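# Commentary on secondary and tertiary structure
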Amino acid sequence: MLAVHLVSFFFSKLQEDPTKKVDRFLHAMRLQDEQLVDVSNRFLAEMKKGLSAESLAAAAVKMLPTHVRSTPDGSEKGQFVALDLGGSKFKVLRVKVREDEGIKKGGVEMEEKTYPIPEELHEGRAVELFDHVSESLKDFLHEKNMSPEKKHPLAFTFSFPCEHPSLDQGLLLSWCKNYKVRGLQGKDVVQSLRQAIDRTGDMDVDVLAVVNDTVATMMTCGFDDQCCEVGLIIGTGTNACYMEELRHIDLVQGDEGRMCVNTEWGAFGDDGALDDFITDFDRDVDAASLNPGKQTFEKMVSGMYLGELVRLVVLKMAKLGLLFDGHVSDALRTKGKITTADVAAMEEYINGLINTKEILTRLQLTPSPDDCVAVQQISTIVSFRSSNLVAAGLAAILTRIKQNRNLRGLRITVGVDGTVYKTHPQYPKRLHKVVRRLLPDCQVRFLLSESGSSKGAALVAAVAQRLTSQRRKVGEALSLFTLNQEKLQLVKSRMREGLEAGLKSKGCTIKMLPSFVYHTPNGTERGKYLALDLGGTNFRAMLVRFKRQKSRLYHKIYTIPLEIMQGTGEELFDHLAQCVCDFLDYMGLKKVRLPAGFTFSFPCQQSGIDTGTLVSWTKGFKATDCEGEDVVNMLREAIKRRNEFDLDIVALVNDTVGTMMSCAYEDPKCEVGMIAGTGSNLCYMEELKNIEKLEQSNGILKTNEQTSEGEEGEAAVKSDLKMCVNTEWGGLGDDRCLEDIITPYDAEVDMHSVNPGKQRFEKLTSGMYLGEIVRQVLLDLTRRGLLFKGHVTETLKTPGIFETKYLSQIESDRLALLQVRSILQQLGLHGTCDDSIIVKEVCGAVSRRAAQMCGAGMAAVVDKIREDRGLERLSIAVGVDGALYKLHPHFSQVLKETVGVMAPHCNVTFLPSEEGSGKGAALIAAVVRQKQEM
């Protein structure tokens, strides 16, 4: 009775629309968008697993690093030999990249010859296969009259899963595509090739790179479209590769830049991840394959298996009586009788049904028109599932790229090759449509690889040559900033010589200006003090209250316009008086006469604590009628002209001295102050007896230890007192003693500064100049074609455009290269990932040298203090302020390391100044007031 019902059921199905009949039978192969999104998410998870060292062993998708770190930028050049081994045929090619004038098609010219691979070699010994390859190569070189005496760079396309320890090594993981050569798995295919070449003899080739055909496809298309960062093969096999952020690839050291990852996605599902999508037909295909249980995804989508899947479906339906009136021919039962080319032919838009009938007739079947429609529909569903699954995998790759780069949308090109994609009439359109439907926020262009993977392999070699040459030239440029132990010792020695000379007489390059600050704070300071701070483009007015070893600070910041900085001195000090007036009004202290400390961060020759003659402007200031004048008196005169308030200016302080005093309030061991910001400077507590030039000033000293001239002042000089000396070390090198360290880039910066030939040490170490040094390097590298494709923009030619803050941002360890590119784009510099790496290296070289030079200079100071005090080991603290020290991610560490190496007998502690030099100025005012009241 059951048999009768089954016959009745199948008979009824024969009467319905043949396409609906097939749709119902193959409903498991018809995937909806929700299912494709599910597949895509599963593949994303597999990608992450394959990239992680912890989970790689269990990952089916191996995500193999290729050591291809860059796609072509169009400047590649050279002549290469290419070998292409990946299927039933083997090719040898000569590839010329921009070698001859008149070369068309993107500057690449190729000559090739195909050599058959005997069937027995597919399952023979590795030595036999590679001997055949080597002999074919020799034949080609001889045929093309390529001299055996000249070394020929060679690129090897090897289209089987390999692990790549380097660009020119490939350890075979497994065979596929009906290859099962013995004795090669786990071994280096490049080494096997080299050994075969040696056995063949009379050839001199240099194997530069071994790549997968997928990678080669990406590189081929990348030469024509530099947005191409994904390669896709849909042919006999299937695979995809893409440019992954290096920081996510655990198996490769380093985190800068990108590297192409060969996903080997054909193995997706080998761990059961696709079990709920696999049909009985897929299981039958897998069981009859050379590698059961392996390459699950590939067997669902690639050209090697699509025809067989169709055959199995047609056979099953025929056996059930749903086709050919239940007739099954011997040909239909034979594996491989329906090929993927047949599937493509059956789906042709116009001749599809005619082709279907011819194919079925060839299989000794007598199809009805409905049979032809049904079999055509089977082909459509099987191939449509293939394109859908490929689209889901590709969507996962594009989603990962988008997430890596933190983008809302993505514009990218996918390079595609493979017979299925090229010859199937409907496949490309289906694939494109589904990808765009799954990723509506991505602009995806599909670029067909016209020249095959051989061109791509040659381009990999060409890119490798370009990068090697580029790295060498960039390295040569940046080596100018490298300071070895010998050069650091030179800086230390010359700094020490400059310190000693400056203590003895005026007119030295290192000014060694007495500050008339004899004491650091002792914690007993009390009261309210005003602090004024002029050190750069901003002016700060502060009220500081000291009570019980604690302080509270209130302040306002005022901008100094450029026209004021470079106007007249009277205009500058009137502007400062106006700012002070506004602050006192804001604090409600306009009627109170407060003691004030004035931080003036420019070189001043002081003859007392409250007087100071400006030696020279720095940091871009050029106000007239100031140099040679007492700046305290100029401020007092400006306050008088305003006639709205009065101040008791009791101390003139350099910002470096103020920083030292501020930190000494927290740590009594602090006897050195350093500024590493817009400017660069250092002060320290020097033995008063060593400041010989004080004895040359007619014995007249106005100090906070005395109120009159004469014997008391002379005794102070001869005592064991100390005085803070403002080194003004930025002048080191003004006598050309640093010429063997100064680079042509530094010379260019100096030449175009407001004070050529002056402040040479500061121009190597301070924030005002580091960005400009970087710009000069970038400009030179670009002009030499090593950056930004040689395109020199107006932005890059603009002095000052590359601010030092960009060094701190770009060198941040937390900053991805995409963000570096974003910073460069804000500056109008549109570069590649490789450009971003080079820019980061330039910034690092310039800032590291600055920190090392400051470290060597400080080593000279602390060693001098140790020797002057007759100590075997000195323990001392340094108060530090300045944006370069505080904000740059590596400056402070390099500085500390250098001091440790260059002054090994000194234990130096660094204390960042929290309130800056303003608090220090108030403390000096407090110390002076206390001494006056004693």
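Because the structure is a prediction, the values reported are computed rather than measured. (Residues numbered from 1 in each chain as written. Predicted model: local features only at pLDDT ≥ 70, side-chain atom pairs only at ≥ 80, totals over all residues. Heavy atoms only, no water.)

Another point: the overall build of the protein. Across its full length, the protein holds 31 helices and 26 strands. Over its C-alpha atoms the protein spans a radius of gyration of 39 Å, topping by over 25% the 30 Å that the globule rule assigns to 934 residues. Over its C-alpha atoms, taken along the principal directions, the protein stretches across nearly 130 × 70 × 50 Å. Considering the protein as a whole, with its 934 residues, one finds that 59% of them fall into the buried category. Accessible surface, the protein as shown: approximately 38500 Å² in total, 48% of it carbon and sulfur. When the 116 positive and 126 negative side-chain charges of the protein are each reduced to one mean point, those points stand 3 Å apart. (Helix = DSSP H or I, 4+ residues; strand = E, 2+ residues; numbered from the N terminus. Rg over C-alpha atoms; globule rule 2.2 N^0.38 Å. Buried < 20%, exposed > 50% of the residue type's maximum accessible area, 1.4 Å probe, protein only. Areas by Shrake-Rupley, 256 points an atom, 1.4 Å probe, with all protein chains shown as cover. Lys, Arg positive; Asp, Glu negative; His and termini not counted. Charge placed at Lys NZ, Arg CZ, Asp CG, Glu CD.)

We now examine the nonpolar core. In terms of nonpolar packing, the biggest core is built from 121 residues, with M674, L738, L781, F802, V839, F910 and I924 touching the most fellow members. Counting residues per element, this core draws most heavily on helix α28 (residues 833-868), which supplies 19 residues. What F910 contacts, discounting residues up to four positions off in sequence, is M858, V878, V880, Y885, L895, K896 and V899. (Core = buried A, V, L, I, M, F, W, Y, C linked by side-chain atoms within 4.5 Å. Contact = heavy atoms within 4.5 Å.)

Our focus in this paragraph is the packing of aromatic side chains. Evaluation of the coordinates by the stated rule reveals 25 aromatic pairs. Ring centres of F600 and W617 lie 5.8 Å apart, and the angle between their planes is 55°; this geometry places the pair in the tilted category. On the criterion of sequence distance, the pair formed by F600 in strand β18 (residues 595-600) and W617 in the loop between β20 (611-614) and α20 (631-642) is long-range, its members being 17 residues apart. W617 carries the same exposure label as F600, and that label is buried. Three or more aromatic residues link up through ring pairs in this structure, and these residues are F130, F156, F158, F160, W175 and Y179. Looking at K556, its charged tip hangs above the ring of Y586, at a distance of 4.7 Å from the centre. (Phe/Tyr/Trp six-rings, centres within 6.5 Å; stacked < 30°, edge-to-face > 60°. Lys NZ or Arg CZ within 6 Å of the ring centre and 35° of its normal.)

Within the open sheet, the 5 strands sit side by side as β4-β3-β2-β5-β8. Their pairing is mixed. What marks the edges here is a single partner per strand, and that holds for β4 (108-116) and β8 (205-211). Adjacent strand axes in the sheet meet at a mean angle of 20° when their direction is disregarded. Here strand β2 (residues 78-85) runs beside strand β3 (residues 89-97); their pairing, made up of 8 bridges, is antiparallel. Within β3, the residue paired with L85 across the bridge is F90. Set on the sheet, helix α4 (residues 126-143) makes contact with β2, β3, β4, β5 (152-158) and β8; between it and β4 the angle comes to about 130°. Where helix α5 (residues 189-200) meets the sheet, its contacts fall on β2, β5 and β8, and the angle it forms with β8 comes to roughly 155°. (Pairing = 2+ DSSP bridges. Axes fitted to C-alpha atoms, helices over the stretch in contact; angles between N-to-C directions.)

Turning next to the pairing of strand β25 (residues 874-881). Counting buried positions along β25 gives 7 out of 8 residues, so the element sits mostly inside the fold. Relative to β25, strand β22 (residues 670-676) runs parallel, the two being bridged by 5 bridges. Opposite V672, over in β25, you have V878 as the bridge partner. One ladder, built from 7 bridges, connects β25 with strand β26 (residues 906-912); its direction is parallel. Across the sheet, residue L874 finds its bridge partner in β26, namely C906.

Right, let's get into the pairing of strand β9 (residues 228-234). With 7 of 7 residues buried, β9 is to be regarded as a mostly interior element. One ladder, built from 5 bridges, connects β9 with strand β10 (residues 238-245); its direction is antiparallel. Its bridge partner lying in β10, I233 is registered against N239. Where β9 folds back onto β10 in an antiparallel hairpin, the turn is made up of 3 residues.

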